[in-house]
Amino acid sequence: MRKLSFALVLALAIPAATEAQAGLYPALQPTRVAEREYNFALADYTGGSALIAQWREGLGDQRLQFTGEFGIGDGPGDATLILGGSMHVQLTKATNELPFDMVLGAGIGVTTGNGASLLRIPVGVAIGHRFPLEGRYAITPFVHPRVSLNRVSAGNVSNTETDIDLDIGAGFELNEQMQIRLAAALGDGSGVGISFAWTPRGLRR
């Protein structure tokens, strides 16, 4: 009975789950750091769905970026609150020798609701390549492997485990300011996400 109760607690405690990722949905992290970006996402994942807002801000160095995240999730029972923050560094930009953009990120996120909470500390690398298309369009396929330390708490019960996840997706640039991203999260957690990213005029991606 104790094992059954514990399993039930964990099922309720993981209704949502970053790189600022506080939850088990795709991180939707681009493969180049941004000077400033606002990303608005709808995600469906193991245990529920969520509306998520991400704010990416450069830190005065063209290689560094901070990401803040806020979301409202709909898991079993009550609504959940998602909060997170992370730091990113541009490891490489595509060259003839190495045709991939790579961004390393690490963060911390919290999902709380239904009398339970999930603390998530993910570390991962977003890897992709930008392909210009006709006109101002471009597409960037990417993969985003990451490992995370997750601690679930509900009342006096808690559990800590390590998860491995992989995002597969693509960003489609409509122009220099607007981009649509699609991604699926695979691994210990699963989910899909779609987002609209906007960069203020005059700022780089």
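In the block above lies the structure referred to throughout.
What counts, and at which threshold
- Residues numbered from 1 in each chain as written.
- Predicted model: local features only at pLDDT ≥ 70, side-chain atom pairs only at ≥ 80, totals over all residues.
- Heavy atoms only, no water.
- Phe/Tyr/Trp six-rings, centres within 6.5 Å; stacked < 30°, edge-to-face > 60°.
- Helix = DSSP H or I, 4+ residues; strand = E, 2+ residues; numbered from the N terminus.
- Buried < 20%, exposed > 50% of the residue type's maximum accessible area, 1.4 Å probe, protein only.
- Pairing = 2+ DSSP bridges.
- Patch = residues over 30% accessible without salt bridge, like charges linked within 9 Å, V, L, I, M, F, W, Y side chains within 5 Å.
- Areas by Shrake-Rupley, 256 points an atom, 1.4 Å probe, with all protein chains shown as cover.
- Salt bridge = Lys/Arg side-chain N within 4 Å of Asp/Glu carboxyl O.
- Core = buried A, V, L, I, M, F, W, Y, C linked by side-chain atoms within 4.5 Å.
- Contact = heavy atoms within 4.5 Å.
- Polar contact = N/O pair within 3.5 Å; in protein donor to acceptor, adjacent residues only side chain to side chain.

Enquirer: Explain the packing of aromatic side chains to me, using residue names and the numbers behind them.
Expert: A complete count under the given rule lists four aromatic pairs for this structure. For the ring pair Tyr38 and Trp198, a centre distance of 5.9 Å and an interplane angle of 20 degrees mean the geometry is stacked. Here Trp198 lies in strand S11 (residues 191–198) and Tyr38 lies in strand S1 (residues 36–45), a separation of 160 residues in the sequence. Under the relative-accessibility criterion, Tyr38 is labelled partly exposed at 28%. Seen in terms of ring centroids, Trp55 and Phe66 are 5.8 Å apart; in terms of plane orientation they differ by 75 degrees. Their pairing is edge-to-face. Of this pair, Trp55 sits in strand S2 (residues 48–58) while Phe66 sits in strand S3 (residues 64–74), and the two are eleven residues apart along the sequence.

Enquirer: Describe the pairing of strand S5 (residues 101–113), naming the residues involved and giving the relevant values.
Expert: Successive residues of a regular strand alternate their side chains across the two faces of the sheet. Note that strand S4 (residues 79–92) and S5 share eleven bridges and pair antiparallel. Considered in S5, the bridge of Met87 is made with Ala106. Bridge count for S5 against strand S6 (residues 116–128) is eleven bridges, and the pairing is antiparallel. Its bridge partner lying in S6, Asp101 is registered against Gly128. Hairpin connection between S5 and S6: a loop of two residues separates the two successive antiparallel strands, and Asn114 in this loop has a positive phi of roughly 60 degrees.

Enquirer: Quick one: what's the story with a nonpolar patch on the surface, residue by residue and with numbers?
Expert: A cluster of nonpolar side chains, Phe40, Leu42, Leu51, Leu133, Tyr137, Phe172, Ile180, Leu182, Ile194, Phe196 and Trp198, forms an exposed patch at the surface whose accessible area comes to about 1,000 Å². Those elements giving two or more residues to the nonpolar patch turn out to be S1, strand S10 (178–187) and S11. When residues of the nonpolar patch are assigned to their parent elements, the largest contribution, three residues, is made by S11. Here Phe172 lies in strand S9 (residues 157–173).

Enquirer: Give me the nonpolar core: which residues, what numbers.
Expert: Formed by Tyr25, Leu28, Ala41, Ala43, Tyr45, Ala50, Ile52, Ile82, Phe142 and Ala183, the largest nonpolar core amounts to ten residues. For this core, the elements supplying multiple residues, two or more each, are S1 and S2. Apart from the residues lying within four places of it in its own chain, the contact partners of Ala43 are Tyr25, Ser49, Ala50, Ile52, Val192 and Gly193.

Enquirer: Could you give me a rundown of the environment of Ala34, with the residues and numbers involved?
Expert: Mapped onto the elements of the fold, Ala34 is located in the loop between helix H1 (2–13) and S1. Note: C-alpha distance between Ala34 and Thr199 (165 residues apart in sequence) is 8.3 Å.

Enquirer: Tell me about unusual backbone geometry, and please be specific about residues and values.
Expert: With a phi close to 55 degrees, Leu28 is a non-glycine residue in the positive phi region. Structurally, Leu28 can be placed in the loop between H1 and S1. The exposure class of Leu28 is buried, given its relative accessible area of 3%.

Enquirer: Tell me about the environment of Val123, and name the residues and values.
Expert: Among the secondary structure elements, Val123 is positioned in strand S6. Considered as a pair, Val123 and Gly105 are 18 residues apart in the sequence and their alpha carbons are 5.8 Å apart. If we ignore the near neighbours within four places in the chain, the residues touching Val123 are Leu104, Gly105, Ala106, Arg146 and Val147.

Enquirer: So what's going on with the side chain of Asp101? Which residues, and what values?
Expert: With respect to the helices and strands, the residue Asp101 is situated in strand S5. Among the polar contacts made by the side chain of Asp101, one reaches the side chain of Arg32 at a distance of 3.1 Å. Excluding residues within four positions of it along the chain, Asp101 makes contact with Thr31, Arg32, Gln90, Thr92, Lys93, Ala94, Ala126, Ile127, Gly128 and Arg130.

Function-wise, these values are silent; they only describe arrangement.
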